[in-house]
Amino acid sequence: MAFYQKKPDIIIRNGTIVDGTGKLPYYADIAIIGDKIDYIGNLKGVSAPLEIDAHHKYVTPGFIDSHTHADRTIFKYPECQNAIRQGVTTQIMGNCGRTFLLREPAADGTYPEGSMAEVLDRLDEAGASMNSAWLCGHNTLRQMANCYTTEYTEEQFEIMASFLREAMEAGFIGFSTGLEFVPGVVSRPEEVERLAMIAGEYDANYSSHMRDEGYYVLEAVNEFLNVIRKTGLRGTVSHLNIKYDNGVPNEYLFKGMQMLKDAREIEHLNVYADMLPNCFAPGNAMAMLPAWLRAEGWDKAKEILADPVGREKVKNDLDRYWRFLAYGQWDRLLYVTTHYMPEINTVPFKELVERSGKEPADVFLDIMMAAPNLDLANKVNLQGVVFGEQILVDSVISDPIYMWQTDSDLYDETPGNGGRRHDFMSMSQFIIRYVRELGAISIQDAVKKVGMIPAQHFMLEGRGVLEVGKFADINVFDINALKINSTFSEPCKYSDGMDYVIVNGTPVIAKGEYTGAKAGRVLRHLPKK
Ligand SMILES: [Zn+2]
Ligand SMILES: [Zn+2]
């Protein structure tokens, strides 16, 4: 006779519980009533309408992805299947200084209407299969204030401040910057600190895509820390890594990590970093080409590229965006994807170069030149090794300073919908590569990085750990069954291997299949009145 006398809605039996706190795994049953975990222990003799056999499987909290851009796509893809099928039950959104909700156009080009609180309410009403928590982006605030210069007027500042306040009052969890991007790139630290101060009034978070991930990365970390020192916000350095093989030594990454650790230990600042498991990333081909080339229209640009002198001039002026290409590191360019030459979309760039017998820069410019119009040229996508080598990522990713994130958007499996490889595989990759294949980190420490740590850091009350009384966001999976199906040539393929993904007590994945349940909620951090 079991001690437990209630009638649960769901029982998960015989699982290996990895509770999200970093504690050693243990065997137990879990009872769920409504949206909460009601009991963890021995449930022999108790039955439930839904019983899940988790024998030889891990039972973990639903994963919290600490950095995404899904605010762009959640209204279009409320099924959230690319994330849910990797066990992600909550995403932080609005990173890198951009928030769709704040009048940024969505993937379909439309802008949301109404106040920020209304848009969050509308998302709750429409429903999504995953929970979301929102950051308010600095670049978007600047756009709303029509501010594109370093100097700003007090009037412009008031516009930024009032939208930021509106966001915080609506339950946004913090403020984000993207200081490598327009228009935040020209802002001074003083402006960011002033705005962060406002977020500080709401006991919020600050996530920063820093001003530099190259030679000045340590100055950038210091700029980030100054914001935290002055405001007391909980801080996250976004994708702390070093970019471009342009002379920045690997030691700078280790130094940057140490600066954050010292800030935690000596100054007692609440700071973390987040990181992707991949050294590759997508990019836009046009961003490589000089602006003067396009200035006279695409037909004229093609003429310039066809002329040997003109082409040489272009080659000498590629030093922007993916600068490593300008430095001749063409082996780091993996794929070029075009709408007008579909036959090359599945071919590694290296192979295209070998086939043509030409210089890599010429192969690239030939592809660009073949674009029939500017619109199609603008849509040429690249995949490349953008960050430090994989071995560098592998060497630091298990460090306690890092939370794990995917930097992703939401998509379905429709080919050509804009979905990229990292959207479909990054969270699976963490568990597959670092826990299962390399054994670089224990399952309990891995789950803590997507469990208790982000839940506490982003103030997601009742999430991230498996304990009685907490929300039933739960994954059940056999680690050996996890599988990535996305490839560079066919990126829009869901990952496999999650048997059950439960969100707020409702299975969104059951027996490996998506159920269609829109069980997710907007997680608001409302100011205490
Ligand atoms: Zn970023
Ligand atoms: Zn990002």
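Our subject is the structure listed above.
First things first, this report covers the structure right here in the doc. (Residues numbered from 1 in each chain as written. Chains lettered and ligands numbered in written order. Predicted model: local features only at pLDDT ≥ 70, side-chain atom pairs only at ≥ 80, totals over all residues. Heavy atoms only, no water.)

## Examining the sheet that holds strand 9 (residues 174-178)
- Spatially, 8 strands are ordered 6-7-8-9-10-11-12-16 in an open sheet, and the strand pairing comes out parallel. At either margin of the open sheet sits one strand with a lone partner, and together these are strand 6 (63-65) and strand 16 (402-404). Looking at each pair of strands side by side, their axes are set apart by 25 degrees on average, direction ignored.
- With 4 bridges joining them, strand 10 (residues 205-209) and strand 11 (residues 234-237) adopt parallel strand pairing. Each residue of the ladder has a partner; that of serine 207, found in strand 11, is threonine 236. (Pairing = 2+ DSSP bridges. Helix = DSSP H or I, 4+ residues; strand = E, 2+ residues; numbered from the N terminus. Axes fitted to C-alpha atoms, helices over the stretch in contact; angles between N-to-C directions.)

## Re the coordination of the zinc ion (ligand 2)
- The coordination sphere of the zinc ion (ligand 2) contains the protein donors His67 (NE2), His69 (NE2), Cys96 (SG) and Asp407 (OD), at a distance range of 2.0 to 2.3 Å.
- Seen from the zinc ion (ligand 2), its 4 donor atoms lie at angles of 82 to 168 degrees, and the figure they make is irregular.
- Each donor residue of the zinc ion (ligand 2) lies on the same chain, and together they follow the pattern H-x1-H-x26-C-x310-D.
- A spacing of 3.3 Å is found between the zinc ion (ligand 2) and the zinc ion (ligand 1), which share cysteine 96 as a donor. Placement of histidine 67 in the loop between strand 6 and helix 1 (81-84) and of cysteine 96 in the loop between strand 7 (88-93) and helix 2 (116-126) is noted, with a sequence separation of 29 residues between them. Cysteine 96 carries the same exposure label as histidine 67, and that label is buried. (Donors = N, O, S within 2.8 Å, 3.2 Å for Na, K, Ca; no water. Tetrahedral: all angles 85-135°; square planar, octahedral: opposite > 155°, others 65-115°. Buried < 20%, exposed > 50% of the residue type's maximum accessible area, 1.4 Å probe, protein only.)

## Focus: the coordination of the zinc ion (ligand 1)
- Distances from the zinc ion (ligand 1) to its protein donors, Cys96 (SG), His209 (ND1) and His239 (NE2), fall at 2.0 to 2.2 Å.
- Considered as a linear motif, the donors of the zinc ion (ligand 1) on their single chain read C-x112-H-x29-H.

## Quick look at the packing of aromatic side chains
- All chains considered together, the criterion is met by 19 aromatic pairs.
- Ring geometry for phenylalanine 175 and tyrosine 206: centres 5.8 Å apart, planes at 25 degrees, overall stacked. With a gap of 31 residues between them, phenylalanine 175 in strand 9 and tyrosine 206 in strand 10 connect regions that are remote in the sequence.
- An aromatic cluster is built from Tyr58, Phe63 and Phe477, whose rings are joined through pairwise contacts. (Phe/Tyr/Trp six-rings, centres within 6.5 Å; stacked < 30°, edge-to-face > 60°.)

## Focus on the packing of helix 2 against helix 4 (residues 154-170)
- Packing of helix 2 against helix 4 leaves a shortest axis separation of 8 Å and a crossing angle of 40 degrees. Here the hand of the crossing between helix 2 and helix 4 comes out right-handed. Taken together, the residues of helix 4 that come into contact with helix 2 (itself represented by Met116, Ala117 and Leu120) are Phe163, Glu166, Ala167 and Ala170.
- Broken down by class, the residue content of the contact of helix 2 with helix 4 amounts to 6 nonpolar, no polar and 1 charged. (Left-handed = near helix turned anticlockwise from the far one by under 90°. Contact = heavy atoms within 4.5 Å. Nonpolar A, V, L, I, M, F, W, Y, C, P; charged D, E, K, R; others polar.)

## Some details on a nonpolar patch on the surface
- Together, Tyr148, Val182, Val185 and Val186 make up a nonpolar patch on the protein surface, roughly 320 Å² of accessible area in all.
- Mapped onto the elements, valine 186 comes out in the loop between strand 9 and helix 5 (189-200).
- Its relative accessible area of 30% is what places valine 186 among the partly exposed residues. (Patch = residues over 30% accessible without salt bridge, like charges linked within 9 Å, V, L, I, M, F, W, Y side chains within 5 Å. Areas by Shrake-Rupley, 256 points an atom, 1.4 Å probe, with all protein chains shown as cover. Salt bridge = Lys/Arg side-chain N within 4 Å of Asp/Glu carboxyl O.)

## Quick notes on the side chain of aspartate 65
- Assignment of secondary structure puts aspartate 65 in strand 6.
- Among buried Asp, Glu, Lys and Arg side chains, aspartate 65 stands out as unpaired, with arginine 420 the closest opposite charge at 11 Å.
- Here the side chain of aspartate 65 touches threonine 406 through a polar contact of 2.5 Å, side chain to side chain. (Lys, Arg positive; Asp, Glu negative; His and termini not counted. Polar contact = N/O pair within 3.5 Å; in protein donor to acceptor, adjacent residues only side chain to side chain.)

## As for the pairing of strand 17 (residues 474-477)
- Neither face of strand 17 is left uncovered, since the one carrying Ile474 and Val476 and the one carrying Asn475 and Phe477 both have all their residues buried.
- Here strand 5 (residues 58-61) runs beside strand 17; their pairing, made up of 4 bridges, is antiparallel. For valine 59, the partnering residue across the bridge sits in strand 17 and is valine 476.
- Here strand 17 runs beside strand 18 (residues 498-503); their pairing, made up of 4 bridges, is antiparallel. Within strand 18, the position partnered with asparagine 475 by the bridge is valine 501.

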